[in-house]
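Notes for the structure review
Here are the chains, one letter per residue:
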Amino acid sequence: MEWSAGRIVKTVSLILFLVAATVFFDQIGTQIEQKYDLVLSPTAELRDLALKLFVAMILVAVTAGLAATLIRPLWLCLTAFGLSAAALVCILGLEPLNVIAAIVYLLLTWMYVLEVANGMDERIHFSVKPIAEVQTFLMLALLLVIGVCFYSGYADEIRLKGFSIPEPILNMWDVTMAGIQKMVMGEGGAAPKPEELAK
């Protein structure tokens, strides 16, 4: 395979875009780790964080799809996703759980790349169908990273303060139980009569 200047620029650009998208995604993961309690309380800040996470996942999905389709030879494409996993560890830190998450992320993205490559080889004309068919591997990898970030944040809280049920869940429980009590006891606070229940 001949390497022209244009091909080199295109390949390097795709690798940089993939790593940059992963870094952005990892930074959102770090915010989730630091603000894990927001996940349990519906606020405007949670909405903004969820929107950033959605945008980050779309960016990774698009850049990963382009990289898996256009970067050749295959070993170079796998190396690009290896750099993406390395960026993940650099941003999240060298904690054992983060390293394990990065390794699983790497394996899932490699499966994604290989499946896309196989799907492209079976088609004469370019098609996005092979990418769409194996998008599950990529989404699973991204969700795993977000889950690890959320767990890491809550694990730090447990180490510092001990285990406790988060306040938003307790509030939700109180509101739910109050609603059930109203339904059972009636609006006036008295238990409904048997003939009312029979209706």
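Counting from 1, residues in each chain are numbered in the order their sequence is written. Totals for whole chains, interfaces and linings use all residues, but because this is a predicted model, local features are given only for residues with pLDDT of at least 70 and pairs of side-chain atoms are given and counted only at 80 or more. Heavy atoms throughout the structure, all of them, feed into the side-chain values; hydrogens and water do not.

1. Some points on the overall build of the protein chain
Helix and strand definitions follow DSSP, with helices as H or I runs of at least four residues and strands as E runs of at least two, each counted in order from the N terminus. Within the protein chain, the regular secondary structure consists of eight helices and zero strands. Secondary structure of the protein chain in N-to-C order comes out as α-α-α-α-α-α-α-α. For each residue, the accessible area found with a 1.4 Å probe, counting protein chains only, is set against the maximum for its type, and the residue is called buried under 20%, exposed over 50%, and partly exposed in between. Here the protein chain holds 199 residues, and 35% of them are scored as buried. In this analysis, two residues are considered to be in contact whenever any of their non-hydrogen atoms come within 4.5 Å of each other. Within the protein chain, contacts between residues separated by at least 24 positions form 72% of all contacts whose residues are at least 6 apart in sequence. Here the accessible surface of atoms and residues is derived via Shrake-Rupley with a 1.4 Å probe, and residues count as covered only by protein chains that are part of the display. Summing over all exposed atoms, the protein chain offers an accessible surface of approximately 12200 Å²; the carbon and sulfur share of this is 70%.

2. Here's the deal with the pattern of salt bridges
For salt bridges, the criterion is a side-chain nitrogen of Lys or Arg within 4 Å of an Asp or Glu carboxyl oxygen. Scanning the model with the defined rule gives one salt bridge in all. The salt bridge involving R47 is made with D48; its shortest N-O contact spans 3.6 Å. A residue is classified by how much of its surface remains accessible, and R47, at 57% relative accessible area, is exposed. D48 gets classed as partly exposed once you look at its relative accessible area, which sits at 38%.

3. Some remarks on the nonpolar core
Working definition of a nonpolar core: buried Ala, Val, Leu, Ile, Met, Phe, Trp, Tyr and Cys residues. They are joined through side-chain atoms within 4.5 Å. Counting 41 residues, the largest nonpolar core has F25, I71, F81 and Y112 as its most contacted members. Contributions of two or more residues to this core are made by helix 1 (5-34), helix 2 (44-70), helix 3 (74-92), helix 4 (96-121) and helix 6 (135-161). Non-local contacts of I71, meaning those with residues more than four positions away in its chain, are made with T11, L14, I15, L66, L76, C77 and A80.

4. Things to note about a nonpolar patch on the surface
Candidates for patches are residues over 30% relative accessible area with no salt bridge; among them, like charges are joined within 9 Å and nonpolar side chains (Val, Leu, Ile, Met, Phe, Trp, Tyr) within 5 Å. Together, L51, F54, V55, I58, L59, V62, L66 and L70 line one region of the surface with nonpolar side chains, adding up to about 690 Å² of accessible area. The topology assignment puts L66 in helix 2. Of the residues examined, L66 reaches a relative accessible area of 41% and is grouped as partly exposed.

5. Considerations on unusual backbone geometry
Across the junction of R72 and P73, the peptide omega takes the value 5°, indicating a cis bond. Within the secondary structure, P73 sits in the loop between helix 2 and helix 3.

6. Describing the confidence of the model for the protein chain
For every residue, the predictor reports its confidence as pLDDT, a number between 0 and 100. With 74% of its residues at a pLDDT of 70 or more, the protein chain shows a mean pLDDT of 79. Mean pLDDT across the secondary structure elements of the protein chain bottoms out at helix 8 (residues 194-198), with 51, and peaks at helix 3, with 92.

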